[in-house]
Amino acid sequence: MAQHSVIDDLKKSKILELLDQGKRMDGRGLDEPRKVTVEVNAIPKANGSARVKLGDTETICGVKIQPDRPFPDMGDKGIFICTAELLPLSHPSVETGPPNPDVIELARVVDRGVRESHMVDVSELVIEKNKSVVGVFADIVVVDYDGNLFDACSYAATAALLNTKMPKWEMTDDGPTLVEGAESDLPTTTIPVSITMAKIGNHIVVDPNGDEWASMDCRVTITTDSDGNIVAMQKGGEDGFTLDEIIKCGDLSIKAGTQIRETLKNAVKAG
Amino acid sequence: MGGRESTLVLLDENGIRCDGRKVDEPRRIMIKAGGLKNADGSAYIEFGDNKILVGVFGPRDVHPKHMSNTDTGILRVRYHMEPFSVGERKNPAPSRREIEISKVIKEALLPAVILDKFPRTAVDVFIEVLQADGGTRCAALAAASVALADAGIPMRDMVAACAAGKAADTIILDVNNEEDQAGQADMPVGYMPNLDKITLLQLDGVLSPEEFKKCVKVGVDGCKLVYELQKKALHEKYFQNGGDQ
């Protein structure tokens, strides 16, 4: 979404003018994320799934589980992989073809947030040590764009993983064999929540929407876990944060993250 | 995930199919026009367990430029399945199958759209299969027509689509995944009811000449059912509650 237009420049001055009065274009408080709506099990064919709307940004995550060979140096751990893709129907500027650096960053940041929180307990995903493990693939697609894909993708992944039912395999002479009717919840340890904040002028706003995203000077994404630890961070954009600003962002991420964790938990429970 | 067992009964003695339908009964179909904010036109369809989202952009500049045509606008279609849409995780890169389906859907839509008023532009149709369960190309084509209409692209008619086929020696309407795998024939049909034109037609399986005729007719009848739902979807968006969402 690196495309800039004259309109963005015009909007930026308006956004800044409002921020100086402590307001945002869509009426939110500076530390207020947009409404998160979660529909779990949106794709019944997947082992787990969620369709998440963060304001007008919309993402779908489907989790697929299948037996796999372990990585050579990690024979006692299962595999967790998270991908993200911007679909061309999400925005007029998105083109088909290999992903651009923005999208690669998006996928890696979302993967890192979930991975580093140790949400998925990969030590529980071993079928036979060094031979066969369970692979968990969380594939996320963006279907509509209005800024802050990092958080929208992260919430979709988290909600889908919480909603995932894991089939059971047993090692036989033919390799891993599916045990019918022995599904269990995916072993998870915590609920990571990422919060992205943008710096526009000298203001920090939580969950920038599309216009704010196009106007920001820089951004930081901070992922927290259920215990309130910060587990992953990514700064981006062409400007920098002061130390005070980063500390403030850490506090904001814990505060906003707590509310969103509840939203995700309740949606999974209700679904 | 193990091969399908032959215990599956495609048609029981009362003429009921494996998913409880009668031979001439389509699956549950829900079509919604609009829904995507950024796309110029969009549609969402649930066709049985198929779930498909379509976004349309344009007419807009052609990129790469050499694809543009000075006499008319061009239509481009991408049919794509999500990795989580099928049983085994699908590689996200476009397969040969997806490239072929993109082409047949494009050629099914071309007779409907009027693009000569927009030279040097492109209309892009992006089809994303979120969940697949047999008959995705028909469901995708029906949804793409609604999305094109929603985008305000001038059209001669909407293309409706539905598959017919043969299972347990009987001609059936709207072949589902099990019937596609274990049945005898699958015939996707795309059809413009107002112009009485079939714009998509494929077949795999064996049909006698008689069966073939019946199968096409059943397919076209299915298209007419779908057509009503397509019109209803547009009507719901534009003529109720004051329209624009």
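Residues numbered from 1 in each chain as written. Chains lettered and ligands numbered in written order. Predicted model: local features only at pLDDT ≥ 70, side-chain atom pairs only at ≥ 80, totals over all residues. Heavy atoms only, no water.

## As for the overall build of chain A
Within chain A one finds five helices and twelve strands. Taken over the C-alpha trace, chain A has a radius of gyration of 20 Å; the compact-globule value for 271 residues is 18 Å, and the two agree within 12%. Each of the three principal axes of chain A carries a C-alpha extent, and together these read 70 × 40 × 35 Å. Counting across all 271 residues of chain A, residues that qualify as buried make up 54%. For chain A, contacts bridging at least 24 residues in sequence account for 69% of all contacts bridging at least 6. Of the roughly 11,900 Å² that chain A leaves accessible, carbon and sulfur atoms contribute 49%. The distance from the centre of the 29 positive side-chain charges to the centre of the 44 negative ones in chain A is 2 Å. (Helix = DSSP H or I, 4+ residues; strand = E, 2+ residues; numbered from the N terminus. Rg over C-alpha atoms; globule rule 2.2 N^0.38 Å. Buried < 20%, exposed > 50% of the residue type's maximum accessible area, 1.4 Å probe, protein only. Contact = heavy atoms within 4.5 Å. Areas by Shrake-Rupley, 256 points an atom, 1.4 Å probe, with all protein chains shown as cover. Lys, Arg positive; Asp, Glu negative; His and termini not counted. Charge placed at Lys NZ, Arg CZ, Asp CG, Glu CD.)

## Considering the pairing of strand β10 (residues 203-206) of chain A
All names here are of chain A. Where burial is concerned, the two faces of β10 agree: the one with His 203 and Val 205 and the one with Ile 204 and Val 206 are both buried. Of the strand pairs in this sheet, strand β9 (residues 193-200) and β10 are connected by four bridges, and their pairing is antiparallel. Residue pairing across strands places Ala 198 opposite Val 205, the latter belonging to β10. What sits between β9 and β10 in their antiparallel hairpin is a turn of two residues, with Gly 201 showing a positive phi close to 60°. (Pairing = 2+ DSSP bridges.)

## Observations regarding the environment of Leu 87 of chain A
Structurally, Leu 87 of chain A can be placed in the loop between β4 (79-86) and α2 (101-116). The exposure class assigned to Leu 87 of chain A is buried, which follows from its relative accessible area of 0%. Taking the C-alpha atoms as reference points, Leu 87 of chain A and Asp 144 of chain A, separated by 57 residues in sequence, lie 8.3 Å from one another. Discounting residues that sit within four places of it in the chain, Leu 87 of chain A has contacts with Val 94, Val 141, Val 142 and Val 143 of chain A together with Arg 78, His 80, Glu 82 and Glu 128 of chain B.

## Concerning the nonpolar core
In this structure, Val 38, Phe 80, Val 136, Ile 140, Tyr 155, Leu 161 and Met 197 of chain A are the most contacted members of the largest nonpolar core, which totals 68 residues. Non-local contacts of Tyr 155 of chain A, meaning those with residues more than four positions away in its chain, are made with Val 36, Val 52, Leu 54, Val 193, Ser 194, Ile 195, Ile 260 and Leu 264 of chain A. Counting residues in each nonpolar core, the second largest holds 63 residues, with Ile 31, Cys 138, Tyr 191 and Cys 223 of chain B among its members. (Core = buried A, V, L, I, M, F, W, Y, C linked by side-chain atoms within 4.5 Å.)

## A closer look at the pattern of salt bridges
Counted according to the given criterion, the structure contains 38 salt bridges over all chains. Asp 139 of chain A is paired through a salt bridge with Arg 89 of chain B; the nearest N and O atoms lie 2.8 Å apart. Remark: Arg 89 of chain B occurs in the loop between β4 (74-81) and α1 (96-109) and Asp 139 of chain A occurs in strand β6 (residues 132-144); the pair is interchain, linking two chains. Asp 139 of chain A sits in the buried class, given a relative accessible area of 1%. Accessibility expressed as a relative area gives 23% for Arg 89 of chain B, which makes it partly exposed. (Salt bridge = Lys/Arg side-chain N within 4 Å of Asp/Glu carboxyl O.)

## Brief notes about the environment of Pro 167 of chain A
All names here are of chain A. Looking at the element boundaries, Pro 167 is found in strand β7 (residues 165-172). The class for Pro 167 is buried, based on a relative accessible area of 12%. Taking C-alpha positions, Pro 167 is 7.6 Å from Ile 65, a pair spaced 102 residues apart along the chain. Discounting residues that sit within four places of it in the chain, Pro 167 has contacts with Asn 47, Ile 65, Leu 178, Ala 182 and Glu 183.

## Details of the confidence of the model for chain B
Detailed reading of the predicted coordinates is not advisable wherever pLDDT falls low. Residues and elements named next belong to chain B. For chain B, mean pLDDT is 92; residues scoring 70 or higher make up 95% of the total. Predicted confidence for residues 1-5 stays below pLDDT 50, and this span has four contacts to residues more than four positions away or in other chains. Scoring the predicted complex yields pTM 0.85 and, for the interface, ipTM 0.73. (pLDDT = per-residue confidence, 0-100.)

## Quick word on helix α2 (residues 136-150) of chain B
All names here are of chain B. Compared with the 21 Å implied by 1.5 Å per residue over 15 residues, the 21 Å span of α2 between its first and last C-alpha is a close match. Of all 15 residues in α2, 14 are buried; the element is thus mostly enclosed. Immediately downstream of α2, the backbone of Gly 152 shows phi near 80°, a positive value. (Expected span 1.5 Å × (residues − 1).)

## What about the packing of α2 of chain B against helix α4 (residues 209-238) of chain B?
All names here are of chain B. As a packed pair, α2 and α4 sit with axes 10 Å apart at the nearest point and diverge in direction by 30°. The chirality of how α2 crosses α4 is right-handed. From α2, Ala 142, Ser 145, Val 146, Ala 149 and Asp 150 reach across to α4, where they touch Val 226, Gln 230, Leu 234, Lys 237 and Tyr 238. (Axes fitted to C-alpha atoms, helices over the stretch in contact; angles between N-to-C directions. Left-handed = near helix turned anticlockwise from the far one by under 90°.)

## Considering the sheet that holds strand β5 (residues 121-131) of chain B
Residue and element names in this part refer to chain B. Taken together, five strands build an open sheet; the order of strands is β1-β2-β3-β5-β4 and the sheet is mixed. The strands lining the two open edges of the sheet, one partner per strand, are β1 (29-33) and β4. The sheet shows a mean angle of 15° between the axes of neighbouring strands, direction not considered. In this sheet, strand β2 (residues 41-47) lies alongside β1 in antiparallel orientation, the contact comprising five bridges. Bridge assignment links Ala 33 to a residue of β2, and that residue is Ala 43. Here α1 sits on the sheet and contacts β4 and β5; the angle it forms with β4, its principal contact strand, is near 140°.

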